[in-house]
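Summary of structural features
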Amino acid sequence: MRIRKFLALFFVLSSTLAGYSQAKKFAVKTVAFYNFENLFDTINNPNNDEEWLPSGAQHWTSAKYRQKLENLARVISQIGTNDQQKDAPVIIGGAEIENRGVLEDLVKQPKMQPWDYGIVHFDSPDKRGIDVAMLYQKKHFKPTSYINIPLLIYKDQKAEEAKKEKEEATDDKIEISRDNRIYTRDILLVTGLLDGEEVNVMVNHWPSRSGGEKKSSPYREEAGRLARKVMDSIYKVNPNAKIICMGDLNDGTYNKSVKEGIGAKLKKTEVKPFGVYNPFEQMAKEGNATLFYRDAGDIFDQIMVSETLIKEGYDSLRYWKAGIYNKPFMIQTDGQYKGYPLRHSANEVGFSDHFPVYIYLIKEVK
């Protein structure tokens, strides 16, 4: 009897150990987006940066600038990290960046240096002088091409009917030129090899809601259509291309710019070939937010992935899951804006008025 029990236990242990030995291992990479909220230096440049000078409305001193860089570095180095994931993001899309110089200062921060980030940046025609950019860990990502794609939008005369709508409070005002063009941020497209596998990354910062959501919606709808055209052009070259579309869209996951312009879907099962999956739509339905306005939260910061990244099997890079990085140290703890992202105030240099977002890409290690 004892021999039978021993043999039974032996077979159970053997089967368990065999299962462990056959367990699959995965490499996990974090891809993130963060609106840096007015990352300006203290140098007077020809880009309407007077507000962000020592003599300007923000009294933006060198000490405040250094603190801002330190704060951003603290967040970026921790986005998506946990007990299983120790590495900082391999790719970070950024918005509200004055110039390449502030990014060079950022990647030199002590908390950033271990990751050896490279920079892709273009100056955009935005009237405030703010751009989008991409940072990448050089040991993991090798850019093969990059381009800035202008968003050509013009003042819609019909939108004048919405003038009576109350303006939303925003630093990001829409400015219209004499030729009626609205000069805003370009779309940044970066193609490269992520651990040897080609990935296309689009970084967006769509026109703001200045003047009201209804009045300004056509501009973001046009931005969504342009993003979709960029994706389609990538697919013409490579039908199996893997595309990540990220940014501060100034629209929610439910708005026409996202649902119709890009064609993003709520469920993976709804995504057809050449389609797009938006994991942040379900998060929005569950009440999560990346920013707040008048006590209402929304998810303007989103990362969407192509159908090629949600296919079955993990022999190549696949989307795993997504998140919003909103640790307690990044949150206002008191006052009127308790629970909001901890941004700048008269007495404190904060982080940003947006929480960063991220996704995990995984691949089986054989």
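It should be emphasised that the depicted structure is a prediction, and the values quoted were computed from it without experimental measurement. Residue numbers run consecutively from 1 along every chain, following the written order of its sequence. Only residues with pLDDT of 70 or above have their local features reported here, since the model is predicted, and side-chain atom pairs are shown and tallied only from 80 upward, although totals for entire chains, interfaces and linings are computed over all residues. Hydrogens are left out, water is left out, and the side-chain values use all remaining heavy atoms of the structure.

What about the sheet that holds strand 9 (residues 197-205)?
One key point about sheets: their strands pair by backbone hydrogen bonds, in either a parallel or an antiparallel sense. The 7 strands are arranged 5-8-9-10-15-12-11 in an open sheet whose pairing can be described as mixed. Here the strands that pair on one side only, and so sit at the sheet edges, are strand 5 (141-149) and strand 11 (264-265). Here 8 bridges tie strand 5 to strand 8 (residues 187-194), and the two strands are oriented antiparallel to one another. Directly across from P143, in strand 8, lies its bridge partner G192. Here, residues are in contact when the closest pair of their heavy atoms is within 4.5 Å. Here, axes are lines fitted to C-alpha atoms. For helices the fit covers the stretch in contact, and angles between N-to-C directions go from 0 to 180 degrees. Counting from the N terminus, the helices are DSSP H or I runs at least four residues long and the strands are E runs at least two residues long. On the sheet, helix 4 (residues 213-237) packs against strand 5, strand 8, strand 9, strand 10 (243-248), strand 12 (276-277) and strand 15 (301-306) and is oriented at approximately 165 degrees with respect to strand 9. Here, strands pair whenever DSSP counts at least two bridges between them.

What to know about the sheet that holds strand 16 (residues 318-324)
Ordered in space as 3-4-2-1-17-16, the 6 strands form an open sheet in which the pairing is mixed. Looking along the sheet, the strands with just one partner apiece sit at the ends: strand 3 (117-121) and strand 16. Strand-to-strand twist in this sheet, taken as the mean axis angle between neighbours without regard to direction, amounts to 20 degrees. With 5 bridges joining them, strand 3 and strand 4 (residues 131-137) adopt antiparallel strand pairing. Looking at strand 4, one finds that I119 is bridged to L135. Packed on one face of the sheet, helix 2 (residues 62-76) meets strand 1 (25-39), strand 2 (91-97) and strand 3 and runs near 155 degrees to strand 1. Together, strand 1, strand 2, strand 3 and strand 4 form the strand contacts of helix 3 (residues 100-107), whose direction differs from that of strand 3 by roughly 170 degrees.

Quick word on the nonpolar core
Nine residue types can take part in a nonpolar core, namely buried Ala, Val, Leu, Ile, Met, Phe, Trp, Tyr and Cys, and a core is a set of them joined through side-chain atoms within 4.5 Å. Relative accessibility under 20% of the residue-type maximum defines a buried residue, over 50% an exposed one, and the middle range a partly exposed one, all with a 1.4 Å probe and only protein chains included. In this structure, F36, L106, Y117, M134, L135, F280 and I359 are the most contacted members of the largest nonpolar core, which totals 70 residues. Not counting residues within four places of it along the chain, the set of residues in contact with L135 comprises V90, I91, I92, L103, L106, V107, M112, Y117, G118 and I119.

Section: the packing of aromatic side chains
Pairing of aromatic rings covers Phe, Tyr and the six-membered ring of Trp, with a centre-to-centre limit of 6.5 Å; geometry is then stacked below 30 degrees between planes, edge-to-face above 60, and tilted otherwise. In total, this model carries 13 aromatic pairs according to the counting rule given. When the centroid spacing of 5.5 Å and the interplanar angle of 80 degrees are considered together, the rings of F26 and Y314 count as edge-to-face. Here Y314 lies in the loop between strand 15 and strand 16 and F26 lies in strand 1, a separation of 288 residues in the sequence. On the accessibility criterion, F26 (37% relative accessible area) is partly exposed. What makes Y314 partly exposed here is its relative accessible area of 34%. Seen from their ring centres, W52 and W60 are 5.1 Å apart, and the 85 degrees between their planes marks the pair as edge-to-face. Take W52: its relative accessible area is 5%, and that puts it in the buried class.

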